[in-house]
Amino acid sequence: MESNISDKTKWGLAAVSIPIMIWTIIPILWIVATSLKSDAALADPSKNMFGNFWPKSPSLDNYRLILTGGASELFNPALLNSIIICLVATFIAVLLATFCAYAISRLDFPGKRLILTTALAVSFFPVIAMVTPLFNLWRQIGLFDTKIGLIIPYLSLTVPLSIWTLSAFFQQIPWEMEQAAQVDGATSWQAFRKVIAPLAAPGVFTTAIIAFFTAWNDFVFAVNLTSSNNARTVPAALAFFTGASQFTQPTGAICAAAVIVTIPVVILVLLFQRRIVAGLTSGAVKG
Amino acid sequence: MSSIELKNIVKKYGDGFPAVNDVSLDIADGEFMILVGPSGCGKSTLLRMVVGLEDITSGDLLINGKRVNDLAPRDRNLSMVFQNYALYPHLTVFENIAFPLRLAKGKHSDDEIRSKVNDAANMLELKDHLERKPANLSGGQRQRVAMGRAIVRDAEAFLFDEPLSNLDAKLRGQMRTEIARMQRRLGVTTIYVTHDQTEAMTLGDRVAVLKKGVLQQVASPRELYEQPVNLFVAGFIGSPPMNFLPARVDGSTLKLPFCEVPVGGPLAEKLRGLDIVIVGLRPEYIKDASVADVPNGVHFSAVVDQTEWLGNEQYAYIPYEADHAVQSKLDELDRDLDGEGMRTQMIVNLDSRSRILEGDEAQFAFDPAMMHVFNPETGENLTRDDEKAAQIARDSEQQRKAALERARAREAQGADRSAGDRSAADGSAADGEARAS
């Protein structure tokens, strides 16, 4: 794959990709830089270097503020909520999607295409259009401001996504594998558990990561379907930070919180980069 | 160890096209049956119906006299080797072979599993690879692992679906003999699907030739070769293939492109009423008249277009003008045999001492008794000698039984010896076989 790229193309690709990399990395660096600025530095460019970019005396005050200080009542429960809600939603989504995708890729049943297109249509549905009716419904039936009340809408986002990625994975596993298992004396369930599931593990893993991010990054549901620390997740909690006084923007604190919630995502992506790429391109490219 | 009986098996797919049409086969206990035919003839479908991966549209499948049509694959207790091996990539070689044993919960203790897998591995020379993953094995080793998985449990029969087609030519030859040896040693009923006629001829006790889902002939390899029932079987079996020459019937002579052959006796009777027939001549029955003497032979001279010298033998190609009346039939036959548009040329398998050169006009001779005559309409072989065919069938059945008997005697001997070696051993049959080597 790599061998047939000429030097010229290589330089060309580098020339294009470097600006794109800078374009995408600068906002993230900016957030990191801002989170390290003190309130004073935020207001006064002379306390910063590289043209207001990096603080001359970086401080961890903002982190202290959100983890142990005044904003911790808001941030710490939200972090916990985020972790619990996203893990539960991911787990349920992947479990359901695994069975569904297996059925779609292996069995021939009427309505198979319908399920796939519906799943696709649902994942295209604008989130904002669902929020208002859900808000009313959740208030009526008492799911408003509960963890379940967030997990359910997250499932509607992550299950279709997971079904699509996983069915691509299952289709890659040769059917003969399963037939061999059946001839060897396995029931359908045994064939699935002992042969298909281990083979699909990388796919399931990728799907889990993607589903987790989707839920982790959601803001619209989180801000509209919660009202207290009961279920509010980090992206929503950020909106409720307040500054030291009524007239100070809590910019530094928000940035510090953003860095903290981004870290697990970045670490996960870096660790499983290869697998995710393989997962995203599977089905499109034949290994 | 069991017999398998197929009664009027039909397989129809959604469009109503019969992929397998009314096939009846009787496979005896311990017999090695080959299913052979060009691609799309339904041989693999038939095998998959036997193992239970395809539903049987109509007809009965009996194993040991018991109807198993509606049993799931796992309840039929057959083991199968797939074309692409279908090894489990996440398991080691040991676990791959042990897989069927582990599935039979509670039947085997861990020690038993270990000893059975080790025996199978010994037999297939996989001892050094037991802890490796299939991805790190060569094609031949993977093939052996797939066979190990099949032989490790006491299956009623072994089914092979073109097991050697993914191997290179040299390995294929080795594995072929390996499979033959293993089958004889274990004496297990075997059904083997292939499109390779070398495998069909060398491995099988009997060979079933299929064409478009219809069974053409079931017979020993020798009978297929010497007494084919029709044009298709005659053309399919043999390499290089049988020459098919159009011939005009003129009273009691057959006018071939190069010569005239007098006919008499019962054949002349059968030829009455036919204008044109197709004459089949195997390449090796035509001799170079200058080096071989053919008594009562028909002699003719022809110009050789092309020769191929292979060391032990030599092929000569002789083009001729085909009669239009049979050309369409020959073209159709060629299509059935997966051919690519036949040139009308005759292939002669010459003695390697023959000094015929390209472009030479040479003298050839053949014995008319070796000639097959086919009805161009029905494809029926008019020269088939049923008596001789029956004799061949009897002979090969006897040979098969003798070979099985020998194998069993050897096995018993080996078992005795191994029992003597370690009196406390569990004396399982598999042990004995592994030691017998």
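Parameters at a glance
Residues numbered from 1 in each chain as written. Chains lettered and ligands numbered in written order. Predicted model: local features only at pLDDT ≥ 70, side-chain atom pairs only at ≥ 80, totals over all residues. Heavy atoms only, no water. Pairing = 2+ DSSP bridges. Helix = DSSP H or I, 4+ residues; strand = E, 2+ residues; numbered from the N terminus. Axes fitted to C-alpha atoms, helices over the stretch in contact; angles between N-to-C directions. Contact = heavy atoms within 4.5 Å. Patch = residues over 30% accessible without salt bridge, like charges linked within 9 Å, V, L, I, M, F, W, Y side chains within 5 Å. Areas by Shrake-Rupley, 256 points an atom, 1.4 Å probe, with all protein chains shown as cover. Salt bridge = Lys/Arg side-chain N within 4 Å of Asp/Glu carboxyl O. Buried < 20%, exposed > 50% of the residue type's maximum accessible area, 1.4 Å probe, protein only. Domains from an automatic or database assignment. Buried area = accessible area lost by both parts, 1.4 Å probe. Polar contact = N/O pair within 3.5 Å; in protein donor to acceptor, adjacent residues only side chain to side chain. Phe/Tyr/Trp six-rings, centres within 6.5 Å; stacked < 30°, edge-to-face > 60°. Lys NZ or Arg CZ within 6 Å of the ring centre and 35° of its normal.

## What about the sheet that holds strand 7 (residues 157–161) of chain B?
All names here are of chain B.
(1) Moving on: Ordered in space as 6-7-8-3-9-10, the six strands form an open sheet in which the pairing is mixed. The open sheet has two edge strands with one neighbour each: strand 6 (78–81) and strand 10 (214–219). Averaged over all adjacent pairs, the angle separating strand axes in this sheet is 20°, with direction ignored.
(2) Moving on: In terms of strand pairing, strand 7 meets strand 8 (residues 189–194) through five bridges, oriented parallel. The residue bridging Asp 161 from the neighbouring strand is Val 193, located in strand 8.
(3) Moving on: Relative to strand 6, helix 5 (residues 139–151) is tilted by about 175°, and along the sheet it contacts strand 6 and strand 7.

## Section: a nonpolar patch on the surface
Residues and elements named next belong to chain A.
(1) Moving on: On the surface, Leu 80, Ile 84, Val 88, Phe 91, Ile 92, Leu 95, Leu 96, Phe 99 and Trp 189 cluster together into a nonpolar patch covering about 840 Å² of accessible area.
(2) Moving on: Among the elements that take part in the nonpolar patch, helix 4 (residues 72–106) stands out by supplying eight residues, more than any other.
(3) Moving on: Within the element layout of this structure, Ile 92 appears in helix 4.
(4) Moving on: With relative accessibility at 31%, the residue Ile 92 sits in the partly exposed group.

## Considering the domain arrangement of chain A
Accessible area lost when the parts come together is the quantity often used to give the size of an interface.
Residues and elements named next belong to chain A.
(1) Moving on: Domain parsing of chain A yields domain 1 (1–59) and domain 2 (70–281).
(2) Moving on: Between domain 1 and domain 2, the residue contacts involve six residues of the former and seven residues of the latter.
(3) Moving on: Counting each side, the surface lost to burial between domain 1 and domain 2 is near 490 Å², with a carbon and sulfur contribution of 82%.
(4) Moving on: The three residues of domain 1 that bury the most area against domain 2 are Ile 31, Thr 34 and Ser 35, which together make up 59% of that side's buried surface.
(5) Moving on: Here domain 1 is connected to domain 2 by zero salt bridges.
(6) Moving on: Counting across the interface, domain 1 meets domain 2 through zero residue pairs in polar contact (both at pLDDT 80 or more).
(7) Moving on: Residue assignment for the side of domain 1 that touches domain 2 shows that the elements contributing at least two residues are helix 1 (7–35) and helix 2 (39–43).
(8) Moving on: Of the residues forming the side of domain 1 that touches domain 2, the biggest block, four residues, is contributed by helix 1.

## Section: the packing of aromatic side chains
(1) Moving on: With the rule as written, the count across this model stands at 16 aromatic pairs over all chains.
(2) Moving on: Considering the side-chain rings of Phe 135 of chain A and Phe 144 of chain A, the 5.2 Å spacing of their centres and the 85° angle between planes classify their relative orientation as edge-to-face.
(3) Moving on: With relative accessibility at 27%, the residue Phe 135 of chain A sits in the partly exposed group.
(4) Moving on: By relative accessible area, which is 22% here, Phe 144 of chain A ends up partly exposed.
(5) Moving on: For the ring pair Phe 32 of chain B and Tyr 192 of chain B, a centre distance of 5.8 Å and an interplane angle of 50° mean the geometry is tilted. Of the two residues, Phe 32 of chain B is situated in strand 3 (residues 32–36) and Tyr 192 of chain B in strand 8; the sequence distance between them amounts to 160 residues. Here Phe 32 of chain B matches Tyr 192 of chain B in class, with each residue buried.
(6) Moving on: Taken together through their ring pairs, the aromatic side chains of Phe 99, Tyr 102, Phe 170, Trp 189 and Phe 192 of chain A make up a single cluster.
(7) Moving on: Residue placement shows Arg 149 of chain B over the ring face of Tyr 88 of chain B; its charged tip is 4.6 Å from the ring centre.
(8) Moving on: The lysine or arginine in question, Arg 282 of chain B, covers the ring of Tyr 225 of chain B, its NZ or CZ lying 4.0 Å from the ring centre.

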